[in-house]
Amino acid sequence: MREPLWRTWRQAVFYLLPVGLVVTVCVLTMYQDTIPRGPLQWVDMVLQVSLVAGLVVRKWFPVRLMLATIGLSVLYLALMLVAHGVWNPGFAPNDPWMTIATPIYAYSTVLYAGPLIGPVLVAVQALLVVRPWDSSAELVLGTVLLVVLPALIGLYIRTHRGLVQALTDRAERAEREQHLLAEQARADERVRLAEEMHDVVTHRVSLMVLHAGALAVTGPDDHTRTAAEGLRAAGCEALNELRELVGVLRNDTTDRQPQETADEPAAVPDLTTLVAESESVGVPVDLVLEGNPALTSAAVGRTAYRVVQESLTNIRKHAPGAPTRVHVRYGGDRVRITVRNAAATRTVDSGLSRTGSGVGLVGLRQRVELVGGTLTSGPRAGGGFEVDAVLPAYVPVESS
């Protein structure tokens, strides 16, 4: 696909301006020409007009048009030498024998053609114009002004554009390198934070689980032992989640498969418990599950669980009684969770709505992005709110 002749109005004006000037000069020359026109003169005029029209596409065909210009100059020389005194297109003996569009083609050939073929073609055209076998000061001056000088201007512009492009590429390369260095620094910081979380938090939670397990065995009554067993199970669940999050933070490849133990909970926690909790406080929830959750890794499953949990919590706080629909679709390569609620049907409890940190959705978005997903949220037309999260079906987790 060819490069467009111009991309902006400004480029179009500067590109077509030489065409207008050449056309104006050509019309004035024909108007003031007093030489009687024969068949050869009319052929010459048609060729001249064709080359002037070719100026519009000189950027696409610089070599072909310059070769046509050189060919016409050769034709002038041949006819003037062979039929001297019989045919004359209007040139004086000391005039440069070339087409009126030659200066523009000399400029365009050096600018748009290759760095070697452009100067070679211009040199051939200059040799034909200066006619070293029958040259004069007027011919040399005309060649310098009408062929060499436009070519030098084209060469300067070509060099300037190349320099600007090189500087632009260098700046873009430096920016990419700076971005990569920043990414590397963030990755190193993530690894450092993951190691601290692993060393500090895991140790403390493990002690809590051990103490709860001991209390579940030695408790004085069934109520105490049941509560202790619940604490132990919650602690084990927290350790599993912490291990997965730390693994995501520390992971730096996408080739390793997560090493999941046999007694690890299912990849996607059961969402019916969250639905039941919301319905128990008067928030009707319609849960729709599609696809096979078995293909989803544990870290993604827990993130999906947190998305639904945070969304339903916000609905209970800010839209009590609002009919809600939770739609979870498990695909081959991604999981999509959509939670939509209508407007509240009961009065909002101001005391309850003011509880919390106020950054739940911000933290939820960060957690979704941590596993490589995206989360969008906002009010719906006609009332209500929507949370839409798209997660990858599998996230490699470094085992710890």
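All values reported here derive from a predicted model rather than from experimental measurement.

## What to know about the overall build of the chain
Looking only at helices and strands, the chain has eleven helices and five strands in total. Taking all 400 residues of the chain together, the buried fraction comes to 35%. Relative to all contacts within the chain whose residues are 6 or more apart in sequence, the contacts with residues 24 or more apart total 72%. Carbon and sulfur atoms form 63% of the exposed surface of the chain, whose accessible area is close to 23300 Å².

## Notes on the pattern of salt bridges
Considering all chains together, one arrives at six salt bridges under this definition. In this structure, the salt-bridge partner of Arg 336 is Asp 388, at a minimum N-O distance of 2.5 Å. Taken as a pair, Arg 336 in strand E3 (residues 334-341) and Asp 388 in strand E5 (residues 385-392) lie far apart in primary sequence, 52 residues in all. With a closest N to O distance of 2.4 Å, Arg 340 and Glu 386 form a salt bridge. In this pair, Arg 340 sits in strand E3 while Glu 386 sits in strand E5, placing the two residues 46 residues apart along the sequence. For Glu 386, a relative accessible area of 23% puts it in the partly exposed group.

## Focus: the packing of aromatic side chains
A complete count under the given rule lists one aromatic pair for this structure. Taking the centre distance of 5.7 Å and the plane angle of 50° together, the rings of Trp 6 and Tyr 15 count as tilted. A residue is classified by how much of its surface remains accessible, and Trp 6, at 33% relative accessible area, is partly exposed. When the ring centre of Tyr 15 is taken as reference, the NZ or CZ atom of Arg 58 above it lies at 4.0 Å.

## Details of the sheet that holds E3
Spatially, five strands are ordered E1-E2-E3-E5-E4 in an open sheet, and the strand pairing comes out mixed. Single-partner strands in this sheet number two, and they are strand E1 (285-291) and strand E4 (374-379). Averaged over all neighbouring strand pairs, the angle between strand axes comes to 5°, with direction disregarded. As judged from the seven bridges shared by E1 and strand E2 (residues 324-330), these two strands associate in the parallel manner. The residue of E2 that forms the bridge with Gly 291 is Tyr 330.

## Some thoughts on the environment of Ala 294
With respect to the secondary-structure elements, Ala 294 resides in the loop between E1 and helix H9 (298-318). On the basis of relative accessibility, which here comes to 61%, the residue Ala 294 falls in the exposed class. Distance in space between the C-alpha atoms of Ala 294 and Ala 393 is 9.9 Å, their sequence separation being 99 residues.

## Focus on the pairing of E3
Relative to E3, E2 is paired through seven bridges, and the arrangement is antiparallel. Looking across to E3, one finds that Thr 324 is bridged to Asn 341. Connecting E2 to the next strand, E3, in antiparallel fashion are three residues.

## Observations regarding the confidence of the model for the chain
In this model, the chain carries a mean pLDDT of 79, and residues with pLDDT of at least 70 account for 80%. In the model, residues 252-267 has pLDDT below 50 throughout and makes 24 contacts with residues more than four positions away in sequence or in other chains.

Parameters and conventions
Residues numbered from 1 in each chain as written. Predicted model: local features only at pLDDT ≥ 70, side-chain atom pairs only at ≥ 80, totals over all residues. Heavy atoms only, no water. Helix = DSSP H or I, 4+ residues; strand = E, 2+ residues; numbered from the N terminus. Buried < 20%, exposed > 50% of the residue type's maximum accessible area, 1.4 Å probe, protein only. Contact = heavy atoms within 4.5 Å. Areas by Shrake-Rupley, 256 points an atom, 1.4 Å probe, with all protein chains shown as cover. Salt bridge = Lys/Arg side-chain N within 4 Å of Asp/Glu carboxyl O. Phe/Tyr/Trp six-rings, centres within 6.5 Å; stacked < 30°, edge-to-face > 60°. Lys NZ or Arg CZ within 6 Å of the ring centre and 35° of its normal. Pairing = 2+ DSSP bridges. Axes fitted to C-alpha atoms, helices over the stretch in contact; angles between N-to-C directions. pLDDT = per-residue confidence, 0-100.

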